[in-house]
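Analysis of the macromolecular model
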Amino acid sequence: MEEVFRKKAEATRRLVEAAEEAHHEHEENPDLQYEYYNAVLINEVDEVGNNVELGGEFLLEPNDHFNNLSVNLSLSVVQVPTNMYNKDPDIVNGVYWSEALNKVFVDNFERDPTLIWQYFGSAKGFFRQYPGVKWHPDEHGVIGFDCRNRKWYIQAATSPKDVVILVDVSGSMKGLRLTIARQTVSSILDTLGDDDFFNIIAYNQEIHYVEPCLNGTLVRADRTNKDHFREHLDKLFAKGIGLLGDALAEAFTILNDFNQTGHGSVCSQAIMLVTDGATEMYDDVFEKYNWPERKVRIFPYLIGRESAFADNLKWMACANKGYFSQISTLADVQENVMRYLHVMSRPKVIDHEHDTVWTEAYVDSALSQAHKLNDKSGPSLMTTVAMPVFSTKNETKNQGILLGVVGTDIPLQELMKLIPKHMLGIHGYAFAITNNGYILTHPDLRPLYQEGQKRRKPNYSSVDLSEVEWEDKDDILRNAMVNRRTGAFSMEVKKTVDRGRRVLKMHNDYYYTDIKGTPFSVGVALSRGHGKYFFRGNVSVEAGLRDLEQPDVALADEWTYCNTEEQHEHRHLTQIQAIKLFMTGKRPHLKCDRELIQEVLFDAVVTAPLEAYWTGLALNKSENSDKGVEITFLGTRTGLSRTNLFVPADQLSNQDFLTAEDKEGVFNADHFPLWYKRAAEQVPGTFVYSIPFSTALENKSVVLASTAIQLLDDRKSPIVAAVGIQMKLEFFQRKFWTACRQCTALDGKCSISCDNEDINCYLIDNNGFILVTEEQSQTGLFFGEVEGAVMNKLLQMGSFKRITLYDYQALCREYAGSSDSARTLSDPFSVVKWLLTKLVIFLLEFNLYSWWNVDLSVKAQRPRGKTMMVPCDTVYPAFVSERTIKETTGNIDCDGCIRSFVIQQIPSSNLFMVVVDNKCDCSSAPPVTMDPIEIMYNESLKCDRLKFQKDRKKPESCHPFHPEENAMECGSATRLSSGLTAALLPLIAATISR
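Only a predicted model underlies this, so the values are computations on that prediction, with no experimental measurement involved.

Turning our eyes to something else, we now look at the overall build of the protein. Tallying secondary structure elements over the protein gives 26 helices and 37 strands in all. The burial tally for the protein puts 57% of its 994 residues in the buried class. Contacts spanning at least 24 positions in sequence make up 74% of the contacts within the protein whose residues lie at least 6 apart. By element, 49% of the accessible surface of the protein is carried by carbon and sulfur atoms, the whole surface being about 41,700 Å².

Structure (structure tokens):
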């Protein structure tokens, strides 16, 4: 990982050097005419078929490295925000000199073919992107992208900051002015990032904290906190008179006191003043709190067209190293707010410190939309490495002119491919976090809405490690990683699988360290009982390659056996092709994992006989006459899989299984397949049956069955593979009912059977989901929803355990609950023998393919009413059977009527047969559900959560001010009157003399 990050940072540094040199050589020409490739206009023609101005013919070819977009690998394109003029002299000059970056873009990509988008975001507003790609406006003809309000730009341009925003809510701010003020504050919040801290104070004749709970303090500017304050902005209303002096004194006091605690940025400080005027200069306040050091910058925003108080406000900005702006309309807000960033960047520019910054995980939806990315794949999480670009001309040195920011993106999925998944064991995984404790990548991070919606959750980029590794109540693991330590930690964990419906209890050992050259730390979690031993075998290369190239063989799509990304000539190779070239010595320079390849070749040879065996079964019509079994499959610990179709692909009941669409069912960078993991947690030789939750709603009624293959060797028993089948649910259920109707009695007659109206028979799995029941609509439901009284009794008796789980990435909405009637059995003791007989017959009848068993876990997703989804915290239960209890009988008192039931485990499986007496009405008993319950926080607790600051590692770089800074560059909306200029000169002279 360090090597990957280092290469990306080097590429970015080369862009910085080229940009600064090109600008240094360029002479500004206000009359410059220059035709460039505009990202929106390229390949556009007018009514007569001629290329439009700034368009031109631009060669584009599809490239799978860039999300299959059509790109130009020789040239970049330039995007100009919709609200700016394409031929503005400042933009034309900037585009002209930045053409020099094209050569460096291409050279970087040739040196490092793993690079994706490279770009330069100009302080003037244009955005140069490589490779060249066409941009598409939205349905309103607008592209909502301005590079200057992207986190990578803001983070690279400025140092961390503490900010107090003062909003005038006196009577003169009524109507449109208050609307513009709210938008101004919201735009300021957009420019704050996770390393910044803020608060908002509204003032008239009194001081009003927008969030009263946060009186006298600052909070981190993460997404959750900023959204919280935005909600409160709508509650502001204007009345009374404005006492700005008191508000300024309060703001200075907060900044000073909070800085003393050491909890904030401990770097730059600023007061943003949003008002429609100031009747005086308040120099007495500034003299008391801010002079002579002027550590706090003042940024006044004059709202409205009136200029009567402009001089006073501009004087405040100039006297306190800030910048004055006047905002007359809503359209003026964005451009005027952005100006403060360039003032805050001056010390860094004068110091000529090219700090390398790395963003948290994010998806740029505006960019994705402009590129018309295919929604099917969903947005891709990435991090960006960025560096500022400065003017190096001597005549502008003390002005600290920021030219822009260069950057390149790193898809986090590419980082995960670096992890040797086969060495982490079946349940092992790697993860990384930022200096603020937020997840960069983790298998349990869920950045997208569920149920197929490819939209980002609103708070996906600020999920703290403690919210997924929530068993670490004291944040021991989190804080050690935030503070960039190297060490180990262990704890008992509950890991959910199958979309959170099932839980695996494990003991994890964590190992962690920092990633040099970045603010990130990486950790590895290893589950005890897996990964300690690794089975090794040797076969000839010839035999291994022969079996590896068979049509039924595939390798884990996201595992790296050979690195085909580093050289352009290798990019077209599949992993199997690369392995063959490497092992035969034809491409010795390929970077491959020789040990992993030797193991995968061994697995290919050892599992090769299965192909002939499966083919023989397929040809034997009597074995599968009704085509109930559709697929047989195998996976090994090296990521090798074999599949055999017993029916044509277009006739499969669940065509997503074992494809990229079925993310939990295949090997990927994060995890082993679900059927593999669940089989590994069962007793050796046990089969796991389940109905995939992802398909239950889509009427793809199938049952999966899998079992782990374990090598038994005295002390060591590594699991080397798992095998399984997919069969039609109807086929599986029919086999079950056939078995239940057979008896071992001499006369062949059953004293009782599941056809009896007085009893209900269920087949459930070890998590309580129904696989077989007489009522077809109940298939896939949780047993407690159908038989609440029985489930409650099973929990009381210890046959099942309730495990409490927490979800801190949940989305809350209304659920339309459903409760189905329950049923039941007469004398349980008289039927235990009968029940055991049924189970044995069922197993024998079903055992067509005796080499594995089926995992039957039902995905119970019922159609539910939807409302707007909002982030929330929830608590919900999962249920697990007690392995040691093989059979249980019980009685339930239902309003004086005794209802009986019997449950018995089916040998060598995760299944239980439950027979329930149907004579008593227990419908009054509440159902046992798995529905999540929102954790409601009272106002006091909400306040504590807002105030609470978890450990964070402050960025090492800080540039709050510089003695050579030119403070006279402090606003352009109005000119300072001669009187105010005279008032400023002594102050500036005194400061310089110091």
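In terms of strand pairing, strand β30 (residues 759–765) meets strand β31 (residues 770–773) through three bridges, oriented antiparallel. Counted as the bridge partner of Y762 is T773 from β31. The turn joining β30 and β31, which pair antiparallel and follow one another in sequence, is formed by four residues; a positive phi near 90° is taken by G768.

Mapped onto the present numbering, the UniProt feature "coiled-coil region" (unreviewed entry) falls on residues 1–29. Each end of residues 1–29 is marked by a C-alpha atom, and these two atoms are 45 Å apart; helix forms 83% of the span and strand 0%.

A complete count under the given rule lists 46 aromatic pairs for this structure. For the ring pair F252 and Y289, a centre distance of 5.6 Å and an interplane angle of 0° mean the geometry is stacked. On the criterion of sequence distance, the pair formed by F252 in helix α7 (residues 244–261) and Y289 in helix α8 (residues 283–289) is long-range, its members being 37 residues apart. In this structure Y289 comes out as partly exposed when scored by relative accessible area, which is 33%. Centroid distance F800 to F912: 5.9 Å. Interplanar angle 55°. Geometry classified as tilted. Of this pair, F800 sits in strand β32 (residues 800–812) while F912 sits in strand β36 (residues 911–917); the two residues are 112 residues apart in sequence, bridging distant segments of the chain. Considered together, F800 and F912 belong to a single accessibility category, that of buried residues.

Taken as a whole and judged by the stated rule, the model has eight disulfides. For C894, the disulfide goes to C922, at an S-S distance of 1.5 Å. As the torsion about the S-S bond is roughly 90°, the C894-C922 disulfide counts as right-handed. On the criterion of sequence distance, the pair formed by C894 in strand β34 (residues 887–894) and C922 in the loop between β36 and β37 (933–934) is long-range, its members being 28 residues apart.

Pairing is antiparallel across the open sheet formed by five strands, whose spatial order is β18-β17-β21-β20-β19. Lying at the two open borders of the sheet, with one neighbouring strand each, are β18 (439–441) and β19 (487–497). Going from strand to strand, the sheet's axes swing by 35° on average, the running direction of each strand aside. Pairing between strand β17 (residues 429–433) and strand β21 (residues 521–527): five bridges, direction antiparallel. Each residue of the ladder has a partner; that of F431, found in β21, is G523.

Glancing now at the nonpolar core. With 94 residues, the main nonpolar core has W117, F127, W135, W152, L477 and Y510 as its most contacted residues. It is helix α1 (residues 2–25) that provides the largest number of residues to this core, a total of eight residues. Looking at this core, you find at least three residues from each of domain 1 (1–136 + 371–411) and domain 3 (419–527). With residues near it in sequence (within four places) discarded, W135 still touches A39, V40, V77, Q79, F127, Q129, I143, F145, L367, A370 and H371.

On to a negative patch on the surface, then. A surface patch of like charges, here negative, comprises E27, E28, D90 and E395. Position of E28 relative to the elements: it lies in the loop between α1 and β1 (61–63). Owing to a relative accessible area of 45%, E28 belongs among the partly exposed residues under this scheme.

Take the sheet that holds β36 next. Strand order in the open sheet made by the five strands is β31-β30-β36-β35-β34, with antiparallel pairing throughout. This sheet does not close on itself; its edge strands, each paired only once, are β31 and β34. Here the average twist between neighbouring strands, direction ignored, is 20°. In this structure, β30 lies alongside β36, joined through seven bridges in antiparallel fashion. The residue of β36 that forms the bridge with C761 is V915. Contacting β30, β31 and β36, helix α21 (residues 729–740) crosses the sheet at an angle of about 55° to β31. Lying on the sheet, helix α23 (residues 788–797) is in contact with β34, β35 (897–905) and β36; it crosses β34 at an angle near 125°.

Let us look at the pattern of salt bridges. Tallied over the full model, the rule gives 45 salt bridges. The partner of D464 in a salt bridge is R478, with the nearest N and O atoms 2.8 Å apart. Taken together, the residues D464 in the loop between β18 and α14 (476–482) and R478 in helix α14 connect sequence positions 14 residues apart. In this structure D464 comes out as buried when scored by relative accessible area, which is 6%.

The N-to-C vectors of helix α5 (residues 176–190) and helix α10 (residues 333–344) enclose an angle of 45°; their axes lie 10 Å apart at closest approach. Relative to α10, α5 is oriented oblique. Classified by chirality, the crossing of α10 by α5 is right-handed. Residues I180, Q183, T184, S187 and I188 of α5 form the contact with α10, whose participating residues are V333, Q334 and V337. Residues belonging to the contact of α5 with α10 are distributed by class as follows: four nonpolar, four polar and no charged.

Moving on: the environment of Y203. Residue position: Y203 is located in strand β8 (residues 197–203). Expressed as a C-alpha distance, the spacing of Y203 and T275, which sit 72 residues apart in the sequence, is 9.9 Å. Setting aside residues up to four positions removed in sequence, Y203 forms contacts with L166, V167, D168, V169, S170, G242, L243, L244, A247, L273 and T275.

Let us look at helix α6 (residues 223–233). Among the residues making up α6, those that are buried are N225, K226, H228, F229, H232 and L233. Angular distribution of buried residues about the axis of α6 spans 155°; they occupy a single face of the element.

Attention now moves to the environment of E211. Structurally, the position occupied by E211 is in the loop between β9 (207–209) and β10 (219–220). Here the alpha-carbon distance between E211 and E231, two residues 20 residues apart in the chain, equals 9.9 Å. Ignoring any residue separated from it by four or fewer positions in sequence, one finds E211 in contact with H228, F229, H232 and L946. A distance of 2.5 Å separates the side chain of E211 from the side chain of H228, its partner in a polar contact.

This part covers the packing of α5 against α6. Two packed helices can be described by the angle between their axes and the distance between those axes. One can describe the packing of α5 onto α6 by two numbers: an axis separation of 11 Å at closest approach and a directional angle of 175°. Of the possible angle classes, the one that applies to α5 and α6 is roughly antiparallel. Between α5 and α6, the residues in contact are R182, V185, S186, L189 and D190 and K226, R230 and L233, respectively. Its residues assigned to classes, the contact of α5 with α6 comprises three nonpolar, one polar and four charged.

This part covers the pairing of strand β16 (residues 402–411). Of all ten residues making up β16, ten are buried, and the element is well covered by its neighbours. Of the strand pairs in this sheet, strand β15 (residues 382–390) and β16 are connected by nine bridges, and their pairing is antiparallel. Within β16, the residue paired with V385 across the bridge is T408.

Moving on, we come to the environment of C740. Relative to the helices and strands, C740 is located in helix α21. Separated by 15 residues in the primary sequence, C740 and D755 have C-alpha atoms spaced 8.9 Å apart.

The rules we used
Residues numbered from 1 in each chain as written. Predicted model: local features only at pLDDT ≥ 70, side-chain atom pairs only at ≥ 80, totals over all residues. Heavy atoms only, no water. Helix = DSSP H or I, 4+ residues; strand = E, 2+ residues; numbered from the N terminus. Buried < 20%, exposed > 50% of the residue type's maximum accessible area, 1.4 Å probe, protein only. Contact = heavy atoms within 4.5 Å. Areas by Shrake-Rupley, 256 points an atom, 1.4 Å probe, with all protein chains shown as cover. Pairing = 2+ DSSP bridges. UniProt positions renumbered as here; feature names shortened; annotations may be inferred. Phe/Tyr/Trp six-rings, centres within 6.5 Å; stacked < 30°, edge-to-face > 60°. Disulfide = S-S within 2.5 Å. Axes fitted to C-alpha atoms, helices over the stretch in contact; angles between N-to-C directions. Core = buried A, V, L, I, M, F, W, Y, C linked by side-chain atoms within 4.5 Å. Domains from an automatic or database assignment. Patch = residues over 30% accessible without salt bridge, like charges linked within 9 Å, V, L, I, M, F, W, Y side chains within 5 Å. Salt bridge = Lys/Arg side-chain N within 4 Å of Asp/Glu carboxyl O. Lys, Arg positive; Asp, Glu negative; His and termini not counted. Charge placed at Lys NZ, Arg CZ, Asp CG, Glu CD. Parallel < 35°, antiparallel > 145°, perpendicular 65-115°, else oblique. Left-handed = near helix turned anticlockwise from the far one by under 90°. Nonpolar A, V, L, I, M, F, W, Y, C, P; charged D, E, K, R; others polar. Arc of directions from axis to C-beta. Polar contact = N/O pair within 3.5 Å; in protein donor to acceptor, adjacent residues only side chain to side chain.

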